[in-house]
Amino acid sequence: MMSGTDESLRPQKSRITIFDEPIICNFCTHNVFIPYEIYVNVEQPGIGVRHVRYIAICQHCGQAKNFSDPSYYDAENDTFIWALNQYLISVREYKIKIIFYIGKRSDDKLTAFLNKLIEQNIEVENVHRVKTEVIVLATISSLNEIQTVRSTIMNSAMRLNVTIKNLIIK
Ligand SMILES: [Zn+2]
């Protein structure tokens, strides 16, 4: 089972896991932290060992938690096993561009799809239609990761039989 990431943890409100185990505050048992990377002098750096350390501040009680990045190089399989995962919980703003096809007489379908987007808290800013191709520009403020926003839109399109040509979320 491969998990984790080779990226450093970002100093943002998040839940963090080490080998899929959530980090929990020792004092209040909450699990939302802001992690900061700290630099330590290492006298004997081992081969294939990362010497990254973090101090994470519990966002409920303010206590600090120290941990290292136990990611390691698996020589047998010639691969890195990344230990840390970070799940950001701050609200983020995404820009969305959806290009899709719609039948010439499918105004109802277009309306239904746009309504579906609005239902999902997507702010539709611009709809540009040229014959059977429609370009929608929109934004969303969401706690979700980009993949979740993407699959929500894709599922709505699929349910309404809308053929997506391109979906860009940034
Ligand atoms: Zn705490």
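This text follows the structure it describes.
Criteria and cut-off values
- Residues numbered from 1 in each chain as written.
- Predicted model: local features only at pLDDT ≥ 70, side-chain atom pairs only at ≥ 80, totals over all residues.
- Heavy atoms only, no water.
- Salt bridge = Lys/Arg side-chain N within 4 Å of Asp/Glu carboxyl O.
- Helix = DSSP H or I, 4+ residues; strand = E, 2+ residues; numbered from the N terminus.
- Buried < 20%, exposed > 50% of the residue type's maximum accessible area, 1.4 Å probe, protein only.
- Pairing = 2+ DSSP bridges.
- Axes fitted to C-alpha atoms, helices over the stretch in contact; angles between N-to-C directions.
- Contact = heavy atoms within 4.5 Å.
- 1 Å grid on protein atoms, 1.4 Å probe; cavity = no way out; pocket = protein on both sides within 12 Å on 5 of 7 lines; lining within 4 Å.
- Points joined across faces, edges and corners; volume = space filled by probe spheres on them.
- Nonpolar A, V, L, I, M, F, W, Y, C, P; charged D, E, K, R; others polar.
- Domains from an automatic or database assignment.
- Core = buried A, V, L, I, M, F, W, Y, C linked by side-chain atoms within 4.5 Å.

A.B. asks: Describe the pattern of salt bridges, with residues and values.
C.D. replies: One pass over the structure, following the stated rule, counts four salt bridges. Between Arg92 and Glu145 there is a salt bridge; the shortest N-O distance is 3.3 Å. Here the residue Arg92 occupies a position in strand S9 (residues 92–101), and Glu145 occupies one in the loop between strand S11 (133–142) and helix H2 (146–159), the gap between them amounting to 53 residues. On the basis of relative accessibility, which here comes to 31%, the residue Glu145 falls in the partly exposed class. Here Asp107 makes a salt bridge to Arg129, at a shortest N to O gap of 2.8 Å. With Asp107 in helix H1 (residues 107–119) and Arg129 in strand S10 (residues 123–130), the pair connects residues that are 22 residues apart, well separated along the chain. Residue Asp107 is classed as partly exposed on the basis of its relative accessible area, which comes to 44%. In this structure Arg129 comes out as partly exposed when scored by relative accessible area, which is 30%.

A.B. asks: Provide a residue-level description of the sheet that holds S9, including the pertinent values.
C.D. replies: Pairing within the open sheet is antiparallel, and its four strands lie in the order S10-S11-S9-S12. In the strand order of this sheet, the two ends are held by S10 and strand S12 (163–169), each with one partner. The mean inter-strand angle of the sheet, taken between neighbouring strand axes irrespective of direction, is 15 degrees. Inspection of the sheet shows S9 paired to S12 by six bridges, in the antiparallel sense. Counted as the bridge partner of Ile96 is Ile169 from S12. The strands that H1 touches are S9, S10, S11 and S12; relative to S10, the one it contacts most, it runs at about 160 degrees.

A.B. asks: Give a detailed account of the layout of surface pockets, specifying residues and quantitative values.
C.D. replies: Leftover empty space is mapped by rolling, across the atoms, a probe with the size of a water molecule. Of the pockets and cavities examined, the largest pocket occupies roughly 290 Å³. Considering the residues around the largest pocket, the lining is formed by 13 residues, among which Thr5, Glu7, Arg10, Gln86 and Glu145 are closest to the centre. The element contributing the most residues to the lining of the largest pocket is strand S8 (residues 84–88), with four residues. Its residues assigned to classes, the lining of the largest pocket shows four nonpolar, five polar and four charged. Split by domain, the lining of the largest pocket shows at least three residues from each of two domains, domain 1 (14–88) and domain 2 (92–169).

A.B. asks: Before we move on, could you go through the nonpolar core and cite the residues and values that matter?
C.D. replies: Counting 21 residues, the largest nonpolar core has Ile96, Ile98, Phe100, Phe113, Leu117, Val136 and Ile153 as the members making the most contacts within it. Among the secondary structure elements, those contributing two or more residues to this core are S9, H1, S11, H2 and S12. Leaving out residues up to four positions away in the same chain, Ile98 has contacts with Phe113, Leu117, Val134, Ile135, Val136, Ile153, Ile164, Asn166 and Leu167. Judged by nonpolar contacts, the second largest core, of twelve residues, contains Leu9, Val52, Tyr54 and Phe67.

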